[in-house]
Amino acid sequence: MKSILLTGGAGFIGSHTCLSLLENGYEIFVIDSYINSSRKSLENVLKILKKKYNRNLKNSLNLFEGDLKNVRDIEAVFQKANEVNKSIEAVIHFAGLKSVSESMAYPLCYWENNFYGTINLLKIMEKYNCKNIVFSSSATVYQTKINQLLNERDKCSPVNPYGQTKLAVEKLLKDIYKSAPSEWRIACLRYFNPVGAHESGLIGEAPFGKPNNLFPQITKVAIGIMSEIKIFGSDWPTPDGTGIRDYIHVMDLSEGHISSLNYLLKEKPQMITLNLGTGKGTSVKEFIRTFEKINNVEIPFSFVERRPGDNAFVVADNSFAKSILSWEPSRNIEDICRNGWNWQVMNPDGY
Ligand code: UDP
């Protein structure tokens, strides 16, 4: 039997994707350093499955603590998988650091974790003849355009080290693909703004410390852990003056991974780059208002200066992903607000 390895599988997007993979009958291995994630996320994934299907899938989920900076940690997983006759067929590579502001303060750390970590992973994949990979890239690789949807052929020019590391890995993957195009199957998934939580409220986003992103701050203000949202700029060239983003429900995103993996494994070797977004933009103010209305809570906010490196409008043209995958986001901003709030209320302190 073959299995799928998820690096960073205990994190926000990783844990939701573990759930979708297990639901779809996959056998999975996870390697996670737990520096930004919790073991409880995957315990809760098993709880959700137990409750929904009355099945204990513990034996289909093989957990390894390890860091991609240490090549031996990665090899240990591939070795173990071979030993138990569940060799790894494909990797979904989530592991990496993801804060834009932190990446500007600690670029070396970001390059080491995100780039060097991926080199180690690819070396071991080659050694074990595993040549199928789905990589977590980001919309931050794009050079943004004013009020136009971004498509995969648009120019890339990241403005911070985090985005640079994502684009560098995409380029590395391209070189690897070109070195053996009849062997590699590679998908680079450019995420827009993943938010929300699984509807059970058992798994969700649990950043350590004060969150940087908008949505976890909204839920923290709603529950009283933070006093208000500081909106970065009121004079953007958008209808209400606040920044517009493409917020995608984490379950739609995780299902996008399953579709991408299924596509790769059934089609001929190739490299594809796909935007995973909804194609719909929501402003900061609209997001706050929708959250208030759906959940009947108040979210105080005030305006502060624009954040360096921010953009007015970052929204996906997702037509390519929709056309080649049998996938389409099915949840809207209201679902995001409802599920994200449920997660926050059920887990006021995270995991
Ligand atoms: N934002 C904000 N206040 C915050 C955090 C974010 O006004 O404390 C805005 C930000 O300027 C952007 C949107 O919310 O327009 C989404 O920001 P986030 O950091 O969540 O994601 P990004 O798209 O920047 O990666």
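Anything mentioned here points back to the structure above.
Predicted model only: the values in this text are computed from it and were never measured.

Here we come to helix α11 (residues 333-346). Under the 1.5 Å per step criterion, the end-to-end length of α11 is 20 Å for 14 residues, consistent within 8% with the ideal 20 Å. Listed as buried for α11 are I333, I336, C337, N339, G340, W341, W343 and Q344. In the core, the buried residues of α11 are packed alongside β7 (193-195), α7 (214-223), β10 (247-249), β12 (282-283) and α9 (284-295). A side-chain oxygen of the first residue of α11 lies 3.1 Å from the backbone nitrogen of E334; this N-cap is N332.

Right, let's get into the sheet that holds strand β9 (residues 244-245). With mixed pairing, the 3 strands of this open sheet are ordered in space as β12-β9-β14. The open sheet has two free edges, formed respectively by β12 and β14 (313-314), since each of these has just one partner strand. Relative to β12, β9 runs antiparallel, the two sharing 2 bridges. Counterpart to I244 in the pairing with β12 is S283.

So, on to the packing of helix α1 (residues 12-23) against helix α2 (residues 40-53). As a packed pair, α1 and α2 sit with axes 9 Å apart at the nearest point and diverge in direction by 35°. In this structure, the crossing between α1 and α2 has a hand that is right-handed. Residues S15, C18, L19, L22 and E23 of α1 touch α2, and the partners they reach there are S41, L42, V45, L46, I48, L49, K52 and Y53. When the residues that make up the contact of α1 with α2 are grouped by side-chain class, the tally is 9 nonpolar, 2 polar and 2 charged.

To continue, consider the environment of A76. Relative to the helices and strands, A76 resides in helix α3 (residues 71-83). Among the residues examined, A76 registers a relative accessible area of 33% and is labelled partly exposed. Taking the C-alpha atoms as reference, A76 lies 18 Å from F94; in sequence the two are 18 residues apart.

Each pair of packed helices can be described by the angle between their axes along with the distance between the axes. Between α7 and α11, the least distance of the axes is 10 Å, while the angle of their chain directions is 55°. Classified by the interaxial angle, the pair formed by α7 and α11 is oblique. Crossing of α7 against α11: the hand is right-handed. Facing F215, T219, K220, A222 and I223 of α7, the residues of α11 in contact are I336, C337, G340, W341, Q344 and V345. Across the contact of α7 with α11, the residue classes tally to 7 nonpolar, 3 polar and 1 charged.

Calculation notes
- Residues numbered from 1 in each chain as written.
- Predicted model: local features only at pLDDT ≥ 70, side-chain atom pairs only at ≥ 80, totals over all residues.
- Heavy atoms only, no water.
- Helix = DSSP H or I, 4+ residues; strand = E, 2+ residues; numbered from the N terminus.
- Expected span 1.5 Å × (residues − 1).
- Buried < 20%, exposed > 50% of the residue type's maximum accessible area, 1.4 Å probe, protein only.
- Contact = heavy atoms within 4.5 Å.
- Polar contact = N/O pair within 3.5 Å; in protein donor to acceptor, adjacent residues only side chain to side chain.
- Pairing = 2+ DSSP bridges.
- Axes fitted to C-alpha atoms, helices over the stretch in contact; angles between N-to-C directions.
- Left-handed = near helix turned anticlockwise from the far one by under 90°.
- Nonpolar A, V, L, I, M, F, W, Y, C, P; charged D, E, K, R; others polar.
- Parallel < 35°, antiparallel > 145°, perpendicular 65-115°, else oblique.

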